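# Chains, contacts and geometry: an overview
Listed below, chain by chain, are the residues.
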Amino acid sequence: VPVSDQVLVEVAGAGVNRADLVQRAGRYPAPPGAPPDVPGLEFSGTVAAVGPAVRSLETGARVFGILGGGGQASHVVVAEPHCCRVPRELDLVEAGGVPEVFVTAHDALFGQAQLQAGERVLIHGVGSGVGTAAVQLAHVAGAWTVGTSRTSQKLERARRLGLDDAVAAGEDMAERIGDIDVVLDLVGGDYLDVDLRVCRTGGCVIIVGLLAGARAEIDLGRLMSARLCLRGTSLRTRPDHEKARAVASFCARVVPLFARARLRPVIEEIVPLERAADAYERLKSGDTFGKIVLAPGG
Ligand SMILES: NC(=O)c1ccc[n+]([C@@H]2O[C@H](COP(=O)([O-])OP(=O)(O)OC[C@H]3O[C@@H](n4cnc5c(N)ncnc54)[C@H](OP(=O)(O)O)[C@@H]3O)[C@@H](O)[C@H]2O)c1
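As the structure is a prediction and not an experimental result, all values here were calculated from the model. (Residues numbered from 1 in each chain as written. Predicted model: local features only at pLDDT ≥ 70, side-chain atom pairs only at ≥ 80, totals over all residues. Heavy atoms only, no water.)

Okay, unusual backbone geometry next. Positive phi outside glycine occurs at Arg 227, with the angle close to 50°. Tracing the backbone shows Arg 227 in the loop between helix H7 (220-225) and strand S11 (229-232). Judged by relative accessible area, Arg 227 falls into the exposed class, the value being 60%. Notably, Ala 261 is not glycine yet its phi reads approximately 60°, a positive angle. Relative to the assigned elements, Ala 261 resides in the loop between helix H9 (255-259) and strand S12 (267-272). (Helix = DSSP H or I, 4+ residues; strand = E, 2+ residues; numbered from the N terminus. Buried < 20%, exposed > 50% of the residue type's maximum accessible area, 1.4 Å probe, protein only.)

Time to look at the pattern of salt bridges. Tallied over the entire structure, the rule returns twelve salt bridges. Between Glu 175 and Arg 197 there is a salt bridge whose closest N-O contact spans 3.2 Å. On the criterion of sequence distance, the pair formed by Glu 175 in helix H5 (residues 173-176) and Arg 197 in helix H6 (residues 191-198) is long-range, its members being 22 residues apart. Owing to a relative accessible area of 56%, Glu 175 belongs among the exposed residues under this scheme. Since its relative accessible area comes to 45%, Arg 197 is described here as partly exposed. Of the charged contacts, one joins Arg 197 and Asp 193 as a salt bridge, the two residues approaching to 3.3 Å between their closest N and O atoms. (Salt bridge = Lys/Arg side-chain N within 4 Å of Asp/Glu carboxyl O.)

Along any regular strand, the residues point their side chains to alternate faces of the sheet. The buried fraction of strand S7 (residues 144-149) is high, at five of six residues. Bridging between strand S6 (residues 120-124) and S7 involves five bridges; their strand directions are parallel. The residue of S7 that forms the bridge with Arg 120 is Trp 144. Chirality of the crossover, the property in question, places the unit of S6, helix H3 (residues 129-140) and S7 among those that are right-handed. Here S7 pairs with strand S8 (residues 165-168) via four bridges, running parallel. Note on S8: the bridge partner recorded for Thr 148 is Val 167. Taking the sense of rotation as the criterion, the β-α-β connection linking S7, helix H4 (residues 152-159) and S8 turns out right-handed. (Pairing = 2+ DSSP bridges. Right-handed = clockwise from strand over helix to strand, strands pointing away.)

Here we take up the sheet that holds S7. Reading across from one edge, S8-S7-S6-S9-S10-S11 is the order of the six strands in this open sheet, with parallel pairing throughout. Edge positions in the sheet fall to S8 and S11, since each of these pairs with one other strand and no more. Looking at each pair of strands side by side, their axes are set apart by 15° on average, direction ignored. Bridge count between strand S9 (residues 180-185) and strand S10 (residues 199-207): five bridges; the pairing is parallel. Counterpart to Val 183 in the pairing with S10 is Val 205. Docked against the sheet, helix H2 (residues 99-112) engages S6, S9, S10 and S11, running at close to 150° with respect to S9. Packing of H3 onto the sheet brings it into contact with S6, S7 and S9, and relative to S6 it is tilted by some 170°. (Axes fitted to C-alpha atoms, helices over the stretch in contact; angles between N-to-C directions. Contact = heavy atoms within 4.5 Å.)

The quantities given are spatial measurements derived from coordinates; they are silent on function.
So this is what it looks like as structure tokens:
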């Protein structure tokens, strides 16, 4: 039952994220307020009921948004400021794979790193959900993009999303990439050393994911002399009002680009909710490009 500014949503699509895998393994408990035993950081669907303080949404509205958990279910209750309308041009099930990765990438690139048209951005793990969102957002904004992946096929597919230069992940990355204004690092670990070496003076590195590990040795001399900025970001752990700000920016600046087909959801597979375990195994395999979305409606 939605109270105050909450809406009840009948879920059409719910993206699967790396965080869900870690939560299922018992290493990433749900934050306070989120159901501890139902994963799911994002959803799309139809509003089924509204709380008394809801201002702009009505029963029947098509919406998508972010959650602290609980999205992989038939219904979710979500605060109005954490969701917005799905443009009619978007398929409602596919829309369930949009919010988490596009809010994360948009907030990191533009909210935090202040990426500008004409700047050069490096995206590690460019074939991931966040990576495929980031390359499209940077491309549409007029930035030049270079991406890395360990899989050549993913690099080819990323080129079709606007990636300007594709570099196979490996030891020579730092020799092949240079003069970068912003690094969006979804991999972490040893990649941090590469990040610091390829940035121009004054460049900014944002750590978004830790697929290669949470520990790294860094050259503080390089950080200092090149006056680099190194920061981390996390969407799930933010207080509600900060999440609302990131979602508002996504709704105002990103969603209209979906309506105009300048951006598109990158969906590897839609899987019925009853087969959630298969979807998790598929994501874990690392062979996906873009998103896997669970569909409670089958
Ligand atoms: N900070 C936040 O708020 C936030 C929000 C969303 C996601 N994330 C994080 O961002 C990262 C990407 O998430 P996602 O859901 O987009 O991932 P995803 O779609 O599952 O893709 C991850 C990709 O990273 C690459 N990879 C995996 N392990 C790697 C390793 N050890 N070294 C190098 N590359 C590796 C793989 O591609 P190749 O094998 O082709 O290289 C894999 O396909 C995750 O760490 C996730 O937790 C953070």
